[in-house]
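The chain contents come next:
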Amino acid sequence: MPKRALITSGGGAKGAFTVGALNALAKMGINSYDIISGTSTGALLAALSVLGKFEDLQTIYLSVDNDDILKKQNIADNILNSRPFVYDTDPLLKMINHHITEEIFEQIMASPTILCLTAISLQTGKITVFSTKDIPSTALYSVSLITSKQHLVDALLASSSQAGFLKPVSIETRNDQGVAVLEQFVDGGNRDVIPSRVVTDHEPDEIYVLSNNPSILFPGQEDYSRTSVINVILRAISIFIQDVRENDLAVLDEYKERTGAKIFRIEPREDLDPAHPTGLNFNTTAMALWMGMGRSKANQVVPIADRPLRPF
């Protein structure tokens, strides 16, 4: 059997596209993976994908709205009181705890699938991979072995916490000397929108890359000298995210050229939500549409010959 990997990217609410693709792949018989790497919203998808809970993910994304994920704060109060975030993540934490029960945690840890969740340490600036298996660190990322349900929950929350928008998450790790240190972590998408490196290091034969954004950056508005500061900031975020995405895709391109591995890139043709590059817009109607687009794109990208369950 070929060694199979899954990568689930960041994208907030646009993760609905990935959910649609996951369900389409499952219907093809592609429903288990040797290693799964996820960041941001993709981290939440990755955790439940270890157990093949693709229909559960569909139910979640068809029922949540902004209030289920975020709690807006008074920005002025937060600045004055040293709270470095716009939204409180208590609703998101509550949702994670609802779905990651002790039983689910034990099942994830017992699975042969390697689950890797990426986040960025604000102290070191490096990628940290929170993993369910003891895998080696490299020069490009540190590895923190998940040892408890709370550790997994913290890693999921950290990977999803967009810097400046959401609250950084404090997690105890060990430095290069093996000494316990407390670090604050934010969204892995700051350096790893499509978390590819930990996957290619495990040399899979097939990689299913589920990205919630197109591979190219679409043009912005014509004149940014006469617009709101928010529009300029959001455009800058889009450009930054695109640069990170291109670096991640280059890793996959190099790996394919070097090994001949099959890489299936399932991504939308256009930006799903140009007004919200951070993906912090949980609109159930839009997410249902994006889910359908993900299903359709998966069926287009994966040839019948590569599907374990082929139609008669």
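Residues numbered from 1 in each chain as written. Predicted model: local features only at pLDDT ≥ 70, side-chain atom pairs only at ≥ 80, totals over all residues. Heavy atoms only, no water.

**Here's the deal with unusual backbone geometry**
For serine 40, which is not glycine, the phi torsion reads 55° and is therefore positive. In this fold, serine 40 is placed in the loop between β2 (35-39) and α2 (41-49). Positive phi, normally seen in glycine, also occurs at glutamate 203, with a value near 50°. (Helix = DSSP H or I, 4+ residues; strand = E, 2+ residues; numbered from the N terminus.)

**What to know about a nonpolar patch on the surface**
The grouping of Val229, Ile230 and Ile233 at the surface amounts to a nonpolar patch, some 280 Å² of accessible area in total. Tracing the sequence through the fold places isoleucine 230 in helix α10 (residues 229-259). (Patch = residues over 30% accessible without salt bridge, like charges linked within 9 Å, V, L, I, M, F, W, Y side chains within 5 Å. Areas by Shrake-Rupley, 256 points an atom, 1.4 Å probe, with all protein chains shown as cover. Salt bridge = Lys/Arg side-chain N within 4 Å of Asp/Glu carboxyl O.)

**Here's the deal with the environment of valine 198**
Topologically, valine 198 is positioned in helix α9 (residues 197-200). The spatial distance from the C-alpha of valine 198 to the C-alpha of phenylalanine 17 is 23 Å, given a sequence separation of 181 residues. Not counting residues up to four positions away in its chain, the partners in contact with valine 198 are Ile35, Ser37, Cys116, Val129, Ile135 and Tyr141. (Contact = heavy atoms within 4.5 Å.)

**Some details on the nonpolar core**
For soluble globular proteins, nonpolar side chains are generally found buried alongside one another. With 59 residues, the main nonpolar core has Leu25, Ile100, Leu117, Leu152, Leu156 and Tyr208 as its most contacted residues. Not counting the four nearest positions on each side in its chain, tyrosine 208 is found in contact with Arg4, Ala5, Leu6, Ile7, Leu25, Ile30, Tyr33, Phe264, Val302 and Asp306. One finds Ala5, Ile35, Val199 and Ala261 within the second-largest nonpolar core, a separate group that totals 27 residues. (Core = buried A, V, L, I, M, F, W, Y, C linked by side-chain atoms within 4.5 Å. Buried < 20%, exposed > 50% of the residue type's maximum accessible area, 1.4 Å probe, protein only.)

**Focus on the confidence of the model for the chain**
A residue-level look at the chain finds 91% of positions with pLDDT of 70 or above and a mean pLDDT of 88. Looking at the elements of the chain, mean pLDDT is at its lowest for helix α5 (residues 75-80), recorded as 51, and at its highest for strand β1 (residues 4-8), recorded as 98. (pLDDT = per-residue confidence, 0-100.)

**Quick notes on the packing of α2 against helix α8 (residues 149-160)**
Their axes nearest at 7 Å, the elements α2 and α8 cross at an angle of 145°. Taken together, the residues of α8 that come into contact with α2 (itself represented by Thr41, Ala43, Leu44 and Ala47) are Leu156, Ser159 and Ser160. Partitioning the contact of α2 with α8 into residue classes produces four nonpolar, three polar and no charged. (Axes fitted to C-alpha atoms, helices over the stretch in contact; angles between N-to-C directions. Nonpolar A, V, L, I, M, F, W, Y, C, P; charged D, E, K, R; others polar.)

**Considering the pattern of salt bridges**
The tally for this structure, following the rule as stated, stands at eight salt bridges. With a shortest N-O distance of 3.9 Å, lysine 53 and aspartate 56 are connected by a salt bridge. Measuring nitrogen to oxygen at the nearest pair gives 3.4 Å for the salt bridge that ties arginine 197 to aspartate 192. For arginine 197, a relative accessible area of 18% gives the class buried.

**Comments concerning the pairing of strand β5 (residues 114-121)**
Across the eight residues of β5, eight count as buried, placing the element largely inside the fold. Side-chain alternation along β5 places Ile114, Cys116, Thr118 and Ile120 on one buried face and Leu115, Leu117, Ala119 and Ser121 on a second face that is also buried. One ladder, built from five bridges, connects β2 with β5; its direction is parallel. Looking at the pairing, glycine 38 lines up with leucine 117 of β5. (Pairing = 2+ DSSP bridges.)

**Considering the packing of helix α1 (residues 15-28) against α2**
For the pair α1 and α2, interaxial distance at closest approach is 9 Å and the crossing angle is 25°. On the basis of the axis angle, α1 is roughly parallel to α2. As for how α1 packs across α2, the hand of that crossing is right-handed. Contact with α1, carried on its side by Gly15, Thr18, Val19 and Leu22, involves Thr41, Leu45 and Ser49 of α2 and no other residues of that element. Along the lines of polarity and charge, the residues of the contact of α1 with α2 split into three nonpolar, four polar and no charged. (Parallel < 35°, antiparallel > 145°, perpendicular 65-115°, else oblique. Left-handed = near helix turned anticlockwise from the far one by under 90°.)

**Some thoughts on the packing of aromatic side chains**
Overall, the coordinates contain three aromatic pairs when judged by the stated rule. Between tyrosine 33 and tyrosine 208, the ring centres sit 6.3 Å apart and the planes meet at 70°, which makes this aromatic pair edge-to-face. You can see tyrosine 33 sitting in the loop between α1 and β2 and its partner tyrosine 208 sitting in strand β10 (residues 206-210), a full 175 residues away along the chain. Using a relative accessible area of 4% as the deciding quantity, one classes tyrosine 33 as buried. Seen in terms of ring centroids, phenylalanine 130 and phenylalanine 185 are 5.3 Å apart; in terms of plane orientation they differ by 75°. Their pairing is edge-to-face. With phenylalanine 130 in strand β6 (residues 127-131) and phenylalanine 185 in strand β9 (residues 180-187), this pair connects stretches of sequence that are 55 residues apart. By relative accessible area, phenylalanine 130 is classed as buried at 0%. Three or more aromatic residues joined by ring pairs form one cluster here, namely Tyr33, Tyr208 and Phe264. A cation over a ring is seen here: arginine 4 above tyrosine 33, with NZ or CZ 6.0 Å from the ring centre. (Phe/Tyr/Trp six-rings, centres within 6.5 Å; stacked < 30°, edge-to-face > 60°. Lys NZ or Arg CZ within 6 Å of the ring centre and 35° of its normal.)

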